[in-house]
Amino acid sequence: MSASRSTGTTDAVGPDEDPGRDHPAAIPGTRLLAALLDGMDAALCAFDAHGTITHWNREAERILGWSAAEAVGRRGFAGWAVRSADAGDVQGRLLSVMDAPGRHVHEFALLRKDGGRVLVRTQSSGVRGEDGKPAGVYCAFSEVHAQIDLERSIALSEALFEDASWGVVAVDVDLRPTVVNAYAARALGGGRTTLLGRPLGELIVQGVEDLESALQHVLAEGAPPAPAELWVTLRTADGDRRRCWRSGFLRLASPLAEEPVPLGVGWLFRDVTAAKLAEQDADRVRFRAKQLHRAARQAAECEDPMEAATTSLDYALAGFADHVVVDLLADLAAGERLVRAAATPSDAPGPCLPVSGGPLPVRYAPGHPALQAVEREGSVRAAAPAGAGGAWSVEHQWPDGSVHALCAVLRSRGRTLGVVTFLRAANRSAFERPDVTYAESVAARVATAVDLARLTAGPDA
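Residues numbered from 1 in each chain as written. Predicted model: local features only at pLDDT ≥ 70, side-chain atom pairs only at ≥ 80, totals over all residues. Heavy atoms only, no water.

Trainee: It is not clear to me how the overall build of the protein should be interpreted in this structure. Could you clarify?
Mentor: Looking only at helices and strands, the protein features twelve helices and 19 strands. Here the protein, with 461 residues, has 40% of them falling under the buried criterion. Long-range contacts, defined here as pairs at least 24 residues apart, represent 50% of the contacts in the protein between residues at least 6 apart. Put simply, the protein shows about 25,500 Å² of open surface, and 53% of that area lies on carbon and sulfur atoms. (Helix = DSSP H or I, 4+ residues; strand = E, 2+ residues; numbered from the N terminus. Buried < 20%, exposed > 50% of the residue type's maximum accessible area, 1.4 Å probe, protein only. Contact = heavy atoms within 4.5 Å. Areas by Shrake-Rupley, 256 points an atom, 1.4 Å probe, with all protein chains shown as cover.)

Trainee: Just to check I follow, could you spell out the pattern of salt bridges for this structure?
Mentor: Oppositely charged side chains are able to pair whenever their charged atoms sit close together. All chains considered together, the criterion is met by 21 salt bridges. In this structure, Arg 93 and Asp 89 form a salt bridge, with 3.1 Å as the shortest nitrogen-oxygen distance. One end of the pair is Arg 93 and the other is Asp 89, both in helix α4 (residues 84-95) and four residues apart, which spans about a single turn. Assessed through its relative accessible area of 29%, Arg 93 is described here as partly exposed. For Arg 413, the salt bridge is made with Asp 451, and the minimal N-O distance between the two is 2.7 Å. With a gap of 38 residues between them, Arg 413 in the loop between β18 (402-412) and β19 (415-425) and Asp 451 in helix α12 (residues 433-457) connect regions that are remote in the sequence. Overall, Arg 413 belongs to the exposed group, its relative accessible area being 56%. (Salt bridge = Lys/Arg side-chain N within 4 Å of Asp/Glu carboxyl O.)

Trainee: Just checking my understanding: could you explain the sheet that holds strand β10 (residues 228-236) for this structure?
Mentor: Each strand in a sheet pairs with another by means of backbone hydrogen bonds, the pair being arranged parallel or else antiparallel. Read across the open sheet, the six strands follow the order β8-β7-β12-β11-β10-β9; overall the sheet is antiparallel. On the outer flanks of this sheet lie β8 (177-180) and β9 (204-206), each paired with one strand and no other. Pairs of neighbouring strands in the sheet enclose a mean axial angle of 40°, with direction left out of account. Examined bridge by bridge, strand β11 (residues 239-253) and strand β12 (residues 262-271) share nine bridges and lie antiparallel to one another. Bridge pairing in β12 places Ser 247 opposite Phe 269. (Pairing = 2+ DSSP bridges. Axes fitted to C-alpha atoms, helices over the stretch in contact; angles between N-to-C directions.)

Trainee: How do you make sense of the packing of helix α9 (residues 305-317) against α12 when you look at a structure like this?
Mentor: In a pair of packed helices, the angle between the axes and the distance between the axes together describe the arrangement. For the pair α9 and α12, interaxial distance at closest approach is 7 Å and the crossing angle is 165°. Here α9 is positioned roughly antiparallel relative to α12, judged by the angle of their axes. Our pair here, α9 against α12, has a crossing hand that is left-handed. Contacts between α9 and α12 involve Pro 305, Met 306, Ala 308, Ala 309, Ser 312, Leu 313, Tyr 315 and Ala 316 from the first element and Tyr 438, Val 442, Val 446, Ala 449, Val 450, Leu 452, Ala 453 and Thr 456 from the second. (Parallel < 35°, antiparallel > 145°, perpendicular 65-115°, else oblique. Left-handed = near helix turned anticlockwise from the far one by under 90°.)

Trainee: Explain the packing of helix α8 (residues 273-300) against α9 here, please?
Mentor: Direction vectors running N to C along α8 and α9 enclose 155°, while the axes themselves pass 9 Å from each other. With respect to their mutual orientation, α8 and α9 come out roughly antiparallel. Between α8 and α9 lies a crossing whose hand is right-handed. Note on element contacts: α9 touches α8 through Ala 308, Thr 311, Ser 312 and Tyr 315, opposite Gln 291, Arg 294, Ala 295, Gln 298 and Ala 299. Class assignment of the residues belonging to the contact of α8 with α9 gives a composition of four nonpolar, four polar and one charged. (Nonpolar A, V, L, I, M, F, W, Y, C, P; charged D, E, K, R; others polar.)

Trainee: Would you mind showing me how to read the pairing of β19 here?
Mentor: A regular strand places its side chains on the two faces of the sheet in alternate fashion. The buried count for β19 comes to nine of eleven residues, which makes it a mostly enclosed element. Linking two consecutive strands that pair antiparallel, namely β18 and β19, is a turn of two residues; a positive phi of about 55° is found at Arg 413 within it.

Trainee: I keep staring at unusual backbone geometry and nothing clicks. Help me out?
Mentor: Residues other than glycine predominantly adopt negative phi, and peptide bonds predominantly adopt the trans conformation. Even without being glycine, Leu 175 reaches a positive phi, approximately 65°. By secondary structure assignment, the location of Leu 175 is in the loop between β7 (167-171) and β8. Judged by relative accessible area, which is 8%, Leu 175 ranks as buried. Even without glycine at this site, Glu 377 takes up a positive phi of about 55°. If you trace the backbone, Glu 377 turns up in the loop between α10 (369-376) and β17 (380-383). The partly exposed category is assigned to Glu 377, whose relative accessible area is 47%.

Trainee: What am I meant to see in the nonpolar core here?
Mentor: Counting 34 residues, the largest nonpolar core has Leu 313, Phe 320, Leu 410, Val 420, Phe 422 and Val 442 as the members making the most contacts within it. Breaking this core down by element, the ones donating at least two residues are α8, α9, β13 (323-332), β14 (335-343), β18, β19 and α12. The leading source of residues in this core is α12, at ten residues. Setting aside residues no more than four positions away along its own chain, Val 442 makes contact with Leu 292, Ser 312, Leu 313, Ala 316 and Phe 422. (Core = buried A, V, L, I, M, F, W, Y, C linked by side-chain atoms within 4.5 Å.)

Trainee: Would you mind going over α9 with me for this structure?
Mentor: The α-helix advances 3.6 residues per turn, and as a result positions three or four apart in sequence lie on the same side. For α9, spanning 13 residues, the distance from its first C-alpha to its last is 19 Å, which sits close to the expected 18 Å at 1.5 Å a residue. Most of α9 is tucked away: eleven of the 13 residues are buried. Within the span of α9, buried status applies to Pro 305, Met 306, Ala 308, Ala 309, Thr 310, Thr 311, Ser 312, Leu 313, Tyr 315, Ala 316 and Leu 317. You can read the cap of α9 off the contacts: a side-chain oxygen lies 3.1 Å from the backbone nitrogen of Met 306, and it is on Asp 304. Phi for Gly 319, located one or two positions after α9, is positive at around 70°. (Expected span 1.5 Å × (residues − 1). Polar contact = N/O pair within 3.5 Å; in protein donor to acceptor, adjacent residues only side chain to side chain.)

Trainee: Would you take a moment to explain the packing of aromatic side chains for this structure?
Mentor: Two aromatic rings, taken as a pair, are described by how far apart their centres are and by the angle between their planes. As enumerated under the stated definition, the model contains 14 aromatic pairs in all. Ring geometry for Trp 56 and Trp 80: centres 5.8 Å apart, planes at 50°, overall tilted. With Trp 56 in strand β3 (residues 53-56) and Trp 80 in the loop between α3 (68-71) and α4, this pair connects stretches of sequence that are 24 residues apart. A relative accessible area of 5% places Trp 80 in the buried class. Ring-pair connections join several aromatic residues into one group, and the members of that group are Phe 47, Trp 56, Trp 66, Phe 77, Trp 80 and Phe 141. Above the plane of the ring of Trp 80 lies Arg 74, whose end atom (NZ or CZ) is 4.8 Å from the centre. The positively charged end of Arg 424 is found above the aromatic ring belonging to Phe 320, 5.4 Å away from the centroid. (Phe/Tyr/Trp six-rings, centres within 6.5 Å; stacked < 30°, edge-to-face > 60°. Lys NZ or Arg CZ within 6 Å of the ring centre and 35° of its normal.)

Trainee: In this structure, what is going on with a nonpolar patch on the surface? I would like to understand it.
Mentor: Nonpolar side chains collect at one region of the surface, where Leu 250, Leu 252 and Leu 263 lie side by side and expose about 260 Å² of accessible area between them. Looking at the secondary structure, you find Leu 252 in strand β11. (Patch = residues over 30% accessible without salt bridge, like charges linked within 9 Å, V, L, I, M, F, W, Y side chains within 5 Å.)

Shown next as C-alpha cells:
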C-alpha cells in the first residue's frame, strides 16, 4: 500500500461531521486515498512545497524499483532516482510547476534501484492549499515507450476512422454500427452519423444474413484466419446496387476487464467489385473460348453437317443458357417462312436435337424477336415484362419458364439462313453485351454447318 506523510489532521472530523457515522463499514479517508493511488495505471508521486516526496504509488515502485517506504520523505530525486548532474534541472522543472497554471509535460531520465536508466514522460501540476498559496506538486509519469505505444494506438485509431482508404466500422454486440469512417459511409450510402445505431438490414437488401452471421461468429469465436469476400445488394437513391466487399473482422474486447469482455466487432472492408467482375469476365472468356475450341474439334468429326450444328450448340449451352431453338428460313408455297429445325427439350434440360418428324413452320406474331433478328440481320435481346409469368414464353412459342431471350441471326456466304435463340429462366440474369458477342460467334459456326447441310442435300433443301 502506498505510504503518505500524514500531519495528523487528515481525519480530524468531529463526531457530528463524521461521514461514516451512519455507515460503520465506511473506508477511512487515508486508506481510500491510498487504495485509489495504488489502483492507478500511471505512476504517481507528489512533492510538498519544499520538494519532499509525500506520495508514491505501486506503479512508481514497479517502474523504478524503489518502494514507498524508501521514497516517501526524501528531498527530491537527487542522489537516488536521478543522476547528480541532472538533479538540479529535474528538481527545478518539477517545482516550477507550482507557480504555473495548468499541466506541464516533461521528459526525464530517471534511475532504477538496480542502476538502470529509464526515460519517463511526466505530467505535472501544482497543488494549492486552502489559502490559495502553492502547497506542492503532483507528478504522474510513465515510461516513454509505453506512452508512445499508447499515443501510436490512439493515432492509428483516429487515422482509421478518418482518412483510411478502406471502410472501417465498429459494430456493437447488437450488430449495429457505432463508429463509421468516411469510406464506409460512402460505401453504405449514408452519412457518418446517420448510419449509427441503424440495423444493417435497413442498408443492405441482400447479403445481410451472411454479414451478420460473420459478425456473430467473430463475437463468439474470434476473428477468422483470412479475409472473406461478401456479395451484397445495397438500397440507394438510384436503385439497388450489387457490390463485393473483401472484409476482415476483429473482435473488440475491453482492456480494463479481468476477463475479455466483447465490446463488439471491428469490421474492415474494401470494395473489390470492379476487380471481381473483371476476374469473372476473364474466367468467362477463357471458359467460352475452351468451349468453342472443343465444339469445333467435336463438330469436325461429325459426318452430318446438322449434327455438327447441334453439337456446337450443346457446347455453347454450358453455363450460358437453359434452352436453345433453331429456326431456319424455308421456301414454302407462300414464300420464305421460319420453320423449327432443332431445339432442346422444352420440359427439362437436354441436348439440342433435330425436330422429330421434320421441320415444322412456326407461327411467330409480327414483331417477334426472331423475326426482328432476321429483318435486321443482327442480334436481338428480349425479356419478359414484370409479372408476365409463363404467358410470355407461351406467346413467343418458347419453352415454359423462359424469361430472357437472345436471338442471333444465322448468315453464311452473304445470305440469311435463319436464327438461333438462346433462352434463360427467371433464376438467371438477363443477356448482356458480352453474351451477344459469344452468341454471334456460336451462330457463325452453326450457320456454316447449316449452309453445308443444304449444299450437300441439294438445291431443293
